[in-house]
Amino acid sequence: MFTLIKGKLTSAPILALPDFEVDCDASFVGIGAVLSQEGRPIAYFNEKLSDARLRYSAYEVEFYALVQALKY
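Residues numbered from 1 in each chain as written. Predicted model: local features only at pLDDT ≥ 70, side-chain atom pairs only at ≥ 80, totals over all residues. Heavy atoms only, no water.

Caption draft 1: Inspection of the overall build of the chain at higher detail. Counting its secondary structure elements, the chain contains 2 helices and 3 strands. For 72 residues, the compact-globule formula gives about 11 Å, and the C-alpha radius of gyration of the chain, at 19 Å, lies well above that figure. Projected onto the principal axes, the alpha-carbon positions of the chain cover approximately 65 × 20 × 15 Å. The buried share among the 72 residues of the chain stands at 17%. Excluding contacts between residues fewer than 6 apart, the proportion of contacts in the chain whose partners are at least 24 apart in sequence is 32%. Of the roughly 6,000 Å² that the chain leaves accessible, carbon and sulfur atoms contribute 61%. The positive charge centre, built from 7 side chains, and the negative charge centre, built from 9, are 9 Å apart in the chain. (Helix = DSSP H or I, 4+ residues; strand = E, 2+ residues; numbered from the N terminus. Rg over C-alpha atoms; globule rule 2.2 N^0.38 Å. Buried < 20%, exposed > 50% of the residue type's maximum accessible area, 1.4 Å probe, protein only. Contact = heavy atoms within 4.5 Å. Areas by Shrake-Rupley, 256 points an atom, 1.4 Å probe, with all protein chains shown as cover. Lys, Arg positive; Asp, Glu negative; His and termini not counted. Charge placed at Lys NZ, Arg CZ, Asp CG, Glu CD.)

Caption draft 2: Highlighting the nonpolar core. Listed in full, the 6 residues of the largest apolar core are Ile31, Phe45, Leu49, Val61, Tyr64 and Ala65. Sort the elements by how many residues they give to this core and helix 2 (residues 58–71) lands first, with 3 residues. Those residues in contact with Leu49, other than ones at most four positions away along the chain, are Ser27, Phe28, Val29, Gly30, Ile31, Leu54, Val61 and Tyr64. (Core = buried A, V, L, I, M, F, W, Y, C linked by side-chain atoms within 4.5 Å.)

Caption draft 3: Fine view of the pairing of strand 1 (residues 20–26). As defined by bridge partners, strand 1 adjoins strand 2 (residues 30–37) across 7 bridges and the pair is classed as antiparallel. When the bridges of strand 2 are listed, Ala26 appears paired with Ile31. With antiparallel pairing between neighbouring strands as the criterion, strand 1 and strand 2 make up a hairpin whose turn holds 3 residues. (Pairing = 2+ DSSP bridges.)

Caption draft 4: Here's a closer look at unusual backbone geometry. The residue Glu38 is not glycine, and still its phi comes out positive at about 55°. Position of Glu38 among the secondary structure elements: in the loop between strand 2 and strand 3 (40–48). A residue is classified by how much of its surface remains accessible, and Glu38, at 67% relative accessible area, is exposed.

Caption draft 5: A look at the pattern of salt bridges. Counted according to the given criterion, the structure contains 1 salt bridge. Among the salt bridges present, the one from Arg53 reaches Glu47, with a minimum N-O distance of 3.9 Å. With a relative accessible area of 26%, Arg53 lands in the partly exposed category. Assessed through its relative accessible area of 21%, Glu47 is described here as partly exposed. (Salt bridge = Lys/Arg side-chain N within 4 Å of Asp/Glu carboxyl O.)

Caption draft 6: Representation of the sheet that holds strand 3 in the model. Spatial ordering of the open sheet is given by 1-2-3, a layout of 3 strands whose pairing is antiparallel. Single-partner strands in this sheet number two, and they are strand 1 and strand 3. Sheet twist, expressed as the mean angle between neighbouring strand axes with direction ignored, is 15°. Where helix 2 meets the sheet, its contacts fall on strand 1, strand 2 and strand 3, and the angle it forms with strand 1 comes to roughly 140°. (Axes fitted to C-alpha atoms, helices over the stretch in contact; angles between N-to-C directions.)

This is the structure:
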């Protein structure tokens, strides 16, 4: 019985880690991101950049998009 329970607990699909993918895109007008699982979009985020953020470098805007996407 112990071996049976051990086998069920260690091979259950519930114990598998979720496979999420985050795609971010940024321009000097706005940012956007899509959260996908198994190739299907499940959530999205977009935001128009404020005057202060319009002066960010391309790297900073992309990083800001990633942080905001993961925040929501």
